[in-house]
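These are the residues of each chain, in order.
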Amino acid sequence: MEVLAFNGSPRKEGNTSTLIRAILEGAESGGAKTTEVRLHDIDLKGCMGCLSCRSNPGICKQKDGLSPYLEAMKTCSGIIVGSPIYMYHVTGQIKMFIDRAYSLYTPKEDGSYGTAIPPGKTYALVTSQGHPDPNRFQRAIRWLAGMTGSGFGLTEVGRMVHVNSHLQPAKENKDILEEARKIGLSLVAKSNRHSNSNSPKFEI
Ligand SMILES: Cc1cc2nc3c(=O)[nH]c(=O)nc-3n(C[C@H](O)[C@H](O)[C@H](O)COP(=O)(O)O)c2cc1C
């Protein structure tokens, strides 16, 4: 059982990274093997727009540091996606990952999309923002959850919308660290229990 985390924060010790690591700790305590993909630190290239994935669904022709992890999304049990809010939206690193993950959406004859990711996997989402209102960037957060979670038929088990306070960053907040560990346990406990439809469900 493997849990894969895609971390879109460039800051190794920042809030997104801290919360992702706490979720991974929870998953490990539930018996999972975990991998954190720090998108800022791998050789990450953008989508080439070649549309090769439309004739070879599930395969991205761009080859780089992300390639093995796009493959691992098909076989892992749970996926975490995390991003700070930059300029009212996700970071550029996460957007590059999402564009490449287009290759995992499989076109159907009626114009809709299925997915190359088998059903039964779990999903958790982490964001961190400076603005004090946790609802301020809901549109971007819902979009992120749609593109990387429900769109692939993953079952969401937790969503952390962290508000960055200089008085208490995530690593000093025991309550949210505990919440993150519980989400990690749920990622493991609930994977393969749900069989989701292959039809993407977006709410943007
Ligand atoms: C380039 C940049 C743009 C940002 N834009 C926003 C923004 O639009 N709204 C917001 O609330 N915070 C914004 N922030 C603040 C970060 O979202 C916030 O500090 C967050 O906690 C950083 O996450 P991290 O600790 O995981 O790096 C921005 C920060 C940077 C560096």
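Residues numbered from 1 in each chain as written. Predicted model: local features only at pLDDT ≥ 70, side-chain atom pairs only at ≥ 80, totals over all residues. Heavy atoms only, no water.

Student: Account for the nonpolar core, naming residues and giving values.
Tutor: Grouped together as the largest cluster of nonpolar side chains are 32 residues, with contacts concentrated most on Phe6, Met73, Val81 and Phe97. If you list the elements that add at least two residues to this core, you get strand 1 (2-7), helix 3 (67-75), strand 3 (78-84), helix 4 (92-101), strand 6 (122-129) and helix 5 (138-148). Apart from the residues within four sequence positions on either side, Phe97 is in contact with Phe6, Leu39, Leu66, Leu70, Met73, Val81 and Thr148. Core analysis: the next-biggest nonpolar cluster, separate from the first, contains 21 residues, Val3, Ile23, Val157 and Leu177 among them. (Core = buried A, V, L, I, M, F, W, Y, C linked by side-chain atoms within 4.5 Å. Buried < 20%, exposed > 50% of the residue type's maximum accessible area, 1.4 Å probe, protein only. Helix = DSSP H or I, 4+ residues; strand = E, 2+ residues; numbered from the N terminus. Contact = heavy atoms within 4.5 Å.)

Student: Quick one: what's the story with the pattern of salt bridges, residue by residue and with numbers?
Tutor: Evaluated as defined, the whole model comprises 12 salt bridges. Of the charged contacts, one joins Asp41 and Lys12 as a salt bridge, the two residues approaching to 3.8 Å between their closest N and O atoms. Taken together, the residues span a long stretch of sequence, with Asp41 in the loop between strand 2 (33-38) and helix 2 (52-55) and Lys12 in the loop between strand 1 and helix 1 (15-29) at a distance of 29 residues. Here the salt bridges do not stand alone but share partners, grouping Lys12, Glu13, Arg21, Glu36, Arg38 and Asp41 into one network. (Salt bridge = Lys/Arg side-chain N within 4 Å of Asp/Glu carboxyl O.)

Student: Outline the sheet that holds strand 3, supporting the account with residue identities and numerical values.
Tutor: Spatial strand order, 2-1-3-6-7: five strands in an open sheet with parallel pairing. Each edge of the open sheet carries a strand with a single partner, namely strand 2 and strand 7 (155-163). Strand-to-strand twist across the sheet, computed as the mean angle between neighbouring axes with direction ignored, equals 15 degrees. Sheet analysis places strand 3 next to strand 6, joined by seven bridges and oriented parallel. Along strand 6, the bridge assignment pairs Ile79 with Tyr123. Those strands touched by helix 1 are strand 1, strand 2, strand 3, strand 6 and strand 7, and its axis lies near 180 degrees from that of strand 1. Set on the sheet, helix 3 makes contact with strand 1, strand 2 and strand 3; between it and strand 1 the angle comes to about 135 degrees. (Pairing = 2+ DSSP bridges. Axes fitted to C-alpha atoms, helices over the stretch in contact; angles between N-to-C directions.)

Student: Account for the packing of helix 1 against helix 6 (residues 174-189), naming residues and giving values.
Tutor: Contact geometry for helix 1 and helix 6: axes closest at 6 Å, N-to-C directions at 45 degrees. Here helix 1 lies oblique to helix 6, going by the angle between them. For the element pair helix 1 and helix 6, the recorded crossing hand is right-handed. Mapping the contact onto sequence places Thr18, Leu19, Ala22, Ile23, Glu25, Gly26, Ala27 and Ser29 in helix 1 and Ile176, Leu177, Ala180, Arg181, Ile183, Gly184, Leu185, Leu187 and Val188 in helix 6. Grouping the constituent residues of the contact of helix 1 with helix 6 by class yields 11 nonpolar, four polar and two charged. (Parallel < 35°, antiparallel > 145°, perpendicular 65-115°, else oblique. Left-handed = near helix turned anticlockwise from the far one by under 90°. Nonpolar A, V, L, I, M, F, W, Y, C, P; charged D, E, K, R; others polar.)

Student: Before we move on, can you summarise helix 3 with the specific residues and values?
Tutor: Helical geometry note: an α-helix holds 3.6 residues per turn, so side chains three or four residues apart project in the same direction. Among the residues of helix 3, Ser67, Leu70, Ala72, Met73 and Lys74 are the ones counted as buried. Elements that come into contact with the buried residues of helix 3 comprise strand 1, strand 3 and helix 4.

Student: An account of the environment of Ile98 is requested, with residue identities and associated values reported.
Tutor: Tracing the backbone shows Ile98 in helix 4. Sequence spacing of Ile98 and Asp133 is 35 residues, and the spatial spacing of their C-alpha atoms is 26 Å. With residues near it in sequence (within four places) discarded, Ile98 still touches Trp143, Leu144, Met147 and Thr148.

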